[in-house]
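Structure assessment
In case you want the letters, here they are:
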Amino acid sequence: MRNRRHRTFRHIPFVILVTLSSSKAYSDADSTGFSESYFYDDLPVVLSASRLSQSQANTPTAMTVIDKKMIQASAALNLPDLLRLAPGFTIGFYSGAGATVTYHGHADEYARDMQVLIDGRSVYDPVYGGIPWSELSLSLDEILRIEVIRGPNAAAYGSNSYAGVINVVTDHPRDLLGTSFSTTIGYGKARYFEAAHAASVKNFDYRIATSYKEDEGFDDRDDSSRARWLKFDGDYRIGMDNTLRTSLGVVHGNYDEGLSTLLQKERELDNRYNYQSIEWSRFLSPANSFSVQFYHNYYSIYDLYRTPRLSEQIIAIEELQSLDESVRTDYFAGLISGGAYDFDALLDELNLTDSPFLFSWIGLKSHRYDLELEHTLEPVDDLRIAWGFGARHDRGESYWLFHRKDPVSRDLYRLFLNAEWYATPNTVINAGGMLEKFEDKERLFSPRLGINYHLDPSNTIRISGSRSYRMPTIYEDNVNLAVYLGSADDELNTWIVSTEDLDPQRIDRIETGYFGNFTEYGLNFDLCLFHEQYTDIIDQYRDFGLPDPDRGLTDPFALSVLDELHSFLQSGAFTYTNFGTVEIDGVEFELDYRPTIRDILFLGFSYLHVSGNELKRLKKGDYSIKENAQDKIPKRTFSLIAGHSFDDGFTMSTAYYFTDEMAWPGEGDTVPNYSRWDIKLNKKLNLSNSDIDISLVLQNLHKDNFDFYHDKRINEHNIWKKRAYLQVKISI
Amino acid sequence: MSRTQANRLLYRHSREVARFACSILPFIRHQEKPGAALITTTFLIFFLLPINCSANSHVSNILILLSGNEDVYLDVATTITNSTIKYCRNHGQVCQNANFEIVQVASYDIQREKDYFLIVTLGIKAAEFAQHNLKDKIILSALLPQSNSRHEKLTATGLNHFFLYLDQPLHRSLLLIKVLSDRFKSVGVLISKDDTVIAHTLSEAAGRLDLDLDIQRVESKDQIGASLNNLLDDIDILLAVPDTNIHNRSTVSNILLSAYRKRIPLIGFSSAYVKAGALAGVYSSPEDIALQVRDSIVTLFSGRSMPKMEQTADYFSILFNADVARSLGFPVESVNKLKAKMLNRLNDDP
């Protein structure tokens, strides 16, 4: 009513008043005093419908929010470790720096079922799949919030937002002004160093940060790492309505990796990563804004491995150690040829050379170019819509993985729409969908529908359903990985080969949940019951019928000897198919209690009932199925953080993480339950010109834990021992 | 002083409201909206028609002098006239016959000497004008910000100049925080480095309300961002207090965004601040200002003396941003309930 009256008065030619004009701009020119206009002139609407994010009570899916206070209290030193907090999450370190993160398990070293976004930039590697966690150039200190969406959400984030989505939101440079140094020393000769400087120059805020980290990884393995990164973030405001955000980074890491088996000997990976991202946001009106984002990720792994020569490998065979070294090669040749060949004859007859094997398990170059436009609007009260479209070009290059020198690429076009509608003051309907067209694949539609009903301001119940897909990686679709003899031209043994046109694997999830938000007490908790069905799972199995290269041989006897030699390496080859089905019924619970600003208590719990199968092998049309999905997904996870800050700047926190016994797929092993107790002691000192933050981080105080590898046969174990770190941060 | 003068003027000009009626007639003729014209006409029939438009006595002439032609001045001025006449009529007081004249300061003719019972000025410019040019009158200056450099000059004048400040007392903002949620214990405030008044007032009020106050002093405009960052990690809620060095058109956007990114709600000091993205705010609406002016007019007409030469805002309004609340996971509160809670607390402990 008042507004209407204002408008009316504006048009009144009141005789005793001078001609009316529009209101003057809200002015800050008078810095020594202000006029009444300071209180009454309009301000631009900053937090409008198009800028406000959805509250947790209105989200249709279960979500864990990890904020700065949880990060500070957690005693985690890296991002994957932090994600142990989310109920149902399983984290494995297959080497000191190599992590894999999955929701509801069933993932190997390269968990391909998670989408991870950093400020809207997907860091999922399109070629090999998985997340290059050690190459993310992200300091925990710059993370503002991590939104962990538990369950599929392709409707909002696109394919590969499959089992879950990890949305990392970093601080703007403006929120981190100043210069800071951080150093950490501790377990495994850990020496971490980070430095950052952020400043504002007129309308331009920027931050430059660099890091160097090295440590020796697990005790009993050669998995030390040396990684460094440099990055730049810029935020340029053009007027009140336009923002240009840029982000550039370059990473270089060297990682010792390997096992004691012949073909996985210790070696040094040389990983390089860089990215460029630019986002333009334009605020058209309080109910209308759009943004355009373009980014490019480049990831390369140099992992060419050269074994000892063939004869040296034969001499090293354990079963031949009782023989004199000089006769072992001939004995071996006689063994596989039925006495027909000595070693020289074996080389001649099978067109072999006494050369090293050459191969690379994961050596690749990967590019992702992505462009997306999003328009957010509020066409009518109580309805918010975000829609947009995008295009993506993924490209992989690897002679060793694809047996081709030209790159393999795949384009994607997508169209999406998500709506949040307050159907009644207490009912929020979230509906959305993503339509995607991948090159050479069928169109995919990933829908989502959820209804949240607020019983009162504190209590909300929800029911939702969603479907997502995981597109086969470029690797799964095109792999032709072989062991070469002497040179890249001489393919000796096929190891993994793509044999069919794979479909995307699918997940359907329905969930019902309760979210309690008791602001007065600083308490919120979420209880979620769900049913998930994974179908068309892209499974790797060994097909003994897949032939190895015949080396141009035609003589049946020579071919049979070659087969024997292949069996010495690997008979048949691994390949991929859509086969497995897994069903999970579960309940997850989390509680976040912060009675005061100085206290924090977080609890997360997950209990799953899993059933499902896995294809093991195929030989002449025969295959076997293992009903073993429940072994690969931990039945229970539990996480806890509790912390308190005292008056004098001293903070004490403790964390506990538990994951049930599970069998890691891929190269991993069955490991007993993981039960870890951490303590963090922190003291903040405020000096006149700087702040000093000293932390003592004690990890895994409870017991030794096995992680990912626990194989007595090859004597490989990743063992978490007690770990202690001292961390000093100085902010100027 | 004012009492004697007021009484004298009151008797001399007791019956005249004709000028206001005459002034407002052209307004009716030019009304664009028939509905509004109807309402105004009805208003005149009931309240003003018995008055002789040709009369031009100055017994109860009230001049409302506006600093400019912005909506807020018009809004306050017309609410003063309407509410005063209505109130006085309902209470059978002589001020029902007051004769209002609304003039913008730029078009006021100094040469046109008139005998006003009272001059109400709206805004600093009008207050200064009246002080310099209408010295021998009773002046009631409203719509004035309390903290302004020109205030010193304004208060230094005679005893017939009264000031009604539009700033809400700072303790009301803290009280709003208190009634919003018991959860808000630690309140952060940015203030200029050389401020002493705000810090002292807030500290006192916070102590009474059992709130922890975290005051961050801003050394210079360039340091607003850094000071805010230092503050946001340790507080439950951020309180914005009027200070052009800190909260101005070029900084409000960043302050709101930084606080929002860290999920810290902000309490503003104007409706515009709340509309821009603050969670809530206590402020003086044009109606609130007008009602306090009306009360002062009634007081002067009744022959009573004004309680104080300078008065802070008696009335207040609350604005709550439901969209921001929802996004922050904060229960959406009814403004009426919030105000009722505040009034209860104020009645218990004014």
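Before reading further, recall that the structure is shown in the block above.
Let us look at the structure shown here. (Residues numbered from 1 in each chain as written. Chains lettered and ligands numbered in written order. Predicted model: local features only at pLDDT ≥ 70, side-chain atom pairs only at ≥ 80, totals over all residues. Heavy atoms only, no water.)

1. Side note on the overall build of chain A
Counted only if it meets this: Here a helix means four or more residues in a row that DSSP labels H or I, a strand means two or more in a row labelled E, and each is numbered from the N terminus. Exposure categories follow from relative accessible area, calculated using a 1.4 Å probe and restricted to protein chains: below 20% of the type maximum is buried, above 50% is exposed, and the middle band is partly exposed. For this analysis, residues touch if any pair of their heavy atoms sits within 4.5 Å. In this description, accessible areas are obtained by the Shrake-Rupley approach with a 1.4 Å probe, and a residue is regarded as covered only by the protein chains that are shown.
The helix and strand tally for chain A stands at 12 helices and 39 strands. Out of the 732 residues belonging to chain A, those deemed buried represent 57%. Taking the contacts inside chain A whose residues are at least 6 apart along the sequence as the reference set, 64% of them involve residues at least 24 apart. With the model as given, the accessible surface of chain A reaches about 29,600 Å², and the carbon-plus-sulfur share is 55%.

2. A short note on the overall build of chain B
Each helix and strand counted, chain B has 14 helices and 12 strands in total. Every one of the 350 residues in chain B was classed for burial, and the buried ones make up 62%. Long-range contacts, defined as pairs at least 24 residues apart, comprise 70% of the intrachain contacts of chain B with a sequence gap of at least 6. About 13,600 Å² of surface is accessible on chain B, with carbon and sulfur atoms providing 50% of the total.

3. Re the pattern of salt bridges
Residue and element names in this part refer to chain A. The condition that has to hold: Whenever Lys or Arg places a side-chain nitrogen within 4 Å of a carboxyl oxygen from Asp or Glu, that contact is recorded as a salt bridge.
Considering all chains together, one arrives at 52 salt bridges over all chains under this definition. Across the pair Asp 81 and Arg 84 runs a salt bridge whose closest N-O atoms are separated by 2.6 Å. Taking relative accessible area as the criterion, Arg 84 reaches 6% and is therefore assigned buried. One salt bridge connects Glu 268 with Arg 226, and the closest N-O pair in it is separated by 2.8 Å. A residue pair is termed long-range when its members are at least 10 positions apart, and Glu 268 in strand β13 (residues 267-285) and Arg 226 in strand β11 (residues 225-238) qualify at 42 residues.

4. Points about the packing of helix α9 (residues 224-232) of chain B against helix α10 (residues 252-261) of chain B
Residues and elements named next belong to chain B. Rule in force here: Orientation is described by lines fitted to C-alpha atoms, with helices fitted over the stretch in contact, and by angles between N-to-C directions that extend from 0 to 180 degrees. Any angle from 65 to 115 degrees is called roughly perpendicular, while one under 35 is roughly parallel, one over 145 is roughly antiparallel, and all others are oblique. Crossing chirality is assigned from the near helix's rotation relative to the far helix, an anticlockwise turn below a right angle marking it left-handed and a clockwise turn marking it right-handed. When residues are grouped by polarity, Ala, Val, Leu, Ile, Met, Phe, Trp, Tyr, Cys and Pro land in nonpolar, Asp, Glu, Lys and Arg in charged, and all others, Gly among them, in polar.
Relative orientation of the contacting elements α9 and α10 amounts to 25 degrees, with a least axis distance of 11 Å. Considering their axes alone, α9 and α10 lie roughly parallel with respect to each other. Note on packing geometry: the crossing formed by α9 with α10 is right-handed. Mapping the contact onto sequence places Ile 224, Leu 228 and Leu 232 in α9 and Ile 255, Ser 258 and Ala 259 in α10. Class assignment of the residues belonging to the contact of α9 with α10 gives a composition of five nonpolar, one polar and no charged.

5. Some words on the side chain of His 296 of chain A
Residue and element names in this part refer to chain A. Keep this limit in mind: Here a polar contact means two N or O atoms within 3.5 Å. Within protein one must be a hydrogen donor candidate and the other an acceptor candidate, and residues neighboring in sequence count only if both atoms are side-chain atoms.
Within the secondary structure, His 296 is located in strand β14 (residues 288-302). Within the structure, the side chain of His 296 is placed 2.7 Å from the side chain of Gln 276, a separation counted as a polar contact. At 2.9 Å, the side chain of His 296 forms a polar contact with the side chain of His 367. If sequence neighbours within four positions are ignored, His 296 has contacts with Asn 274, Tyr 275, Gln 276, His 367, Arg 368 and Tyr 369.

6. Some details on helix α7 (residues 325-337) of chain A
Residue and element names in this part refer to chain A. Burial in α7 covers these residues: Arg 328, Thr 329, Phe 332, Ala 333, Gly 334, Ile 336 and Ser 337. Considering only its buried residues, α7 is in contact with α6 (310-315), α8 (343-349) and α11 (556-569). One or two residues past the end of α7 sits Gly 338, with phi positive at roughly 65 degrees.

7. Let's talk about the side chain of Lys 178 of chain B
Residue and element names in this part refer to chain B. We count it as follows: Under the convention used here, Asp and Glu are negative, Lys and Arg are positive, and both His and the chain ends fall outside the count.
Here Lys 178 lies in helix α7 (residues 170-180). Buried charge without a partner: Lys 178 forms no salt bridge, and the closest opposite charge is Asp 210, 4.8 Å away. When residues no more than four places from it in sequence are discounted, the contact partners of Lys 178 are Leu 209, Asp 210, Leu 211 and Arg 345.

8. What to know about the nonpolar core
The criterion, for reference: For this analysis, a nonpolar core means a set of buried residues of the types Ala, Val, Leu, Ile, Met, Phe, Trp, Tyr and Cys, connected via side-chain atoms within 4.5 Å.
Core analysis: the largest hydrophobic core is formed by 114 residues, its most contacted members being Leu 79, Leu 83, Phe 89, Trp 133, Ile 146 and Ile 166 of chain A. Look past the residues within four positions of Leu 83 of chain A in its chain and what remains in contact with it is Ile 66, Phe 89, Ile 91, Val 101, Trp 133, Ile 146, Val 148 and Ile 166 of chain A. With 66 residues, the next largest nonpolar core counts Tyr 38 of chain A together with Ile 62, Phe 100 and Ile 264 of chain B among its residues.

9. Things to note about the pairing of strand β7 (residues 212-218) of chain B
Residues and elements named next belong to chain B. Filter applied, for reference: Should DSSP find at least two bridges between two strands, the strands are regarded as paired. When the strands point away from the viewer, a crossover counts as right-handed if the path from the first strand over the helix to the second runs clockwise.
One ladder, built from seven bridges, connects strand β6 (residues 186-192) with β7; its direction is parallel. Bridged to Ile 191 within β7 is Arg 217. On the question of chirality, the crossover connecting β6 to the parallel β7 by way of helix α8 (residues 197-208) is right-handed.

10. Structural notes on empty space enclosed by the protein
All names here are of chain A. The cut-off we apply is this: Buriedness of a pocket was judged along seven lines, with at least five required to meet protein on both sides within 12 Å; pockets are open sets of points on a 1 Å grid over the protein atoms alone, cavities are sets where a 1.4 Å probe fits but cannot get out, and lining residues have an atom within 4 Å of a point. Grid points are joined across faces, edges and corners, and a volume is the space filled by probe spheres set on the points.
Across all of its chains, the model carries 11 cavities of 30 Å³ or more by this definition. Roughly 220 Å³ of volume is contained in the largest cavity. Along its surface, the largest cavity is lined by 22 residues, and Tyr 94, Tyr 110, Glu 135, Asn 271 and Tyr 299 are the ones closest to its centre. Sorting the residues of the lining of the largest cavity by element identifies β12 (242-257), β13 and β14 as the ones contributing at least two each. Tallied by class, the residues present in the lining of the largest cavity amount to 13 nonpolar, six polar and three charged. Contributing to the lining of the second largest cavity are 17 residues, with Ile 118, Asp 119, Thr 170, Asp 233 and Ser 247 lying nearest its centre. Breaking the lining of the second largest cavity down by element, the ones donating at least two residues are β11, β12 and β13. Grouping the constituent residues of the lining of the second largest cavity by class yields four nonpolar, six polar and seven charged.

11. Things to note about the state of the cysteines
What we call a disulfide is simply a covalent bond connecting the sulfur atoms of a pair of cysteines. Residues and elements named next belong to chain B. The test is simple: In this description, the term disulfide denotes a pair of cysteine sulfurs within 2.5 Å.
Throughout the structure, instances matching the rule amount to one disulfide over all chains. Across the disulfide, Cys 88 is cross-linked to Cys 95 (sulfur-sulfur distance 1.9 Å). Measuring handedness by torsion sign, the sulfur bridge of Cys 88 and Cys 95 sits at about -100 degrees and is left-handed. Assessed through its relative accessible area of 0%, Cys 88 is described here as buried. Take Cys 95: its relative accessible area is 0%, and that puts it in the buried class.

12. So, the packing of aromatic side chains
Going by this rule: Stacked, tilted and edge-to-face are the three classes assigned to paired rings of Phe, Tyr and Trp, where Trp is represented by its six-membered ring and a pair needs centres within 6.5 Å; plane angles under 30 degrees give stacked, over 60 edge-to-face, the rest tilted. Here, a charge over a ring means that NZ of Lys or CZ of Arg falls within 6 Å of the ring centre while also lying within 35 degrees of the ring normal.
Following the criterion strictly, the structure yields 41 aromatic pairs over all chains and no others. The structure contains a cluster of three or more aromatic residues connected by ring pairs, namely Tyr 94, Tyr 110, Tyr 128, Tyr 475, Tyr 576, Trp 664, Phe 708 and Tyr 709 of chain A. Above the plane of the ring of Tyr 192 of chain A lies Lys 213 of chain A, whose end atom (NZ or CZ) is 5.0 Å from the centre. Over the ring of Tyr 260 of chain B we find Arg 263 of chain B; its NZ or CZ atom is 4.9 Å from the centre of that ring.

13. As for the sheet that holds strand β7 (residues 164-170) of chain A
Residue and element names in this part refer to chain A. Pairing in this open sheet of five strands is mixed, and the strands run β1-β6-β7-β4-β5 from one edge to the other. If you trace the sheet from one side to the other, it starts and ends with β1 (62-67) and β5 (121-122), each paired once. Summarising the sheet, β1 and strand β6 (residues 143-150) pair through six bridges and their orientation is antiparallel. Bridge pairing links Ala 62 to Arg 150 in β6.

14. Section: the sheet that holds strand β12 (residues 317-320) of chain B
What holds strands together in a sheet is hydrogen bonding between their backbones, with the strands either parallel or antiparallel. All names here are of chain B. The six strands lie next to each other as β7-β6-β8-β9-β10-β12, forming an open sheet whose pairing is mixed. Lying at the two open borders of the sheet, with one neighbouring strand each, are β7 and β12. The sheet shows a mean angle of 25 degrees between the axes of neighbouring strands, direction not considered. Bridge count for strand β9 (residues 266-268) against strand β10 (residues 280-283) is two bridges, and the pairing is parallel. Its bridge partner being in β10, Ile 267 is matched across the sheet by Ala 280. Sheet strands in contact with helix α14 (residues 335-348) are β10 and β12, and its direction is about 135 degrees off that of β12.

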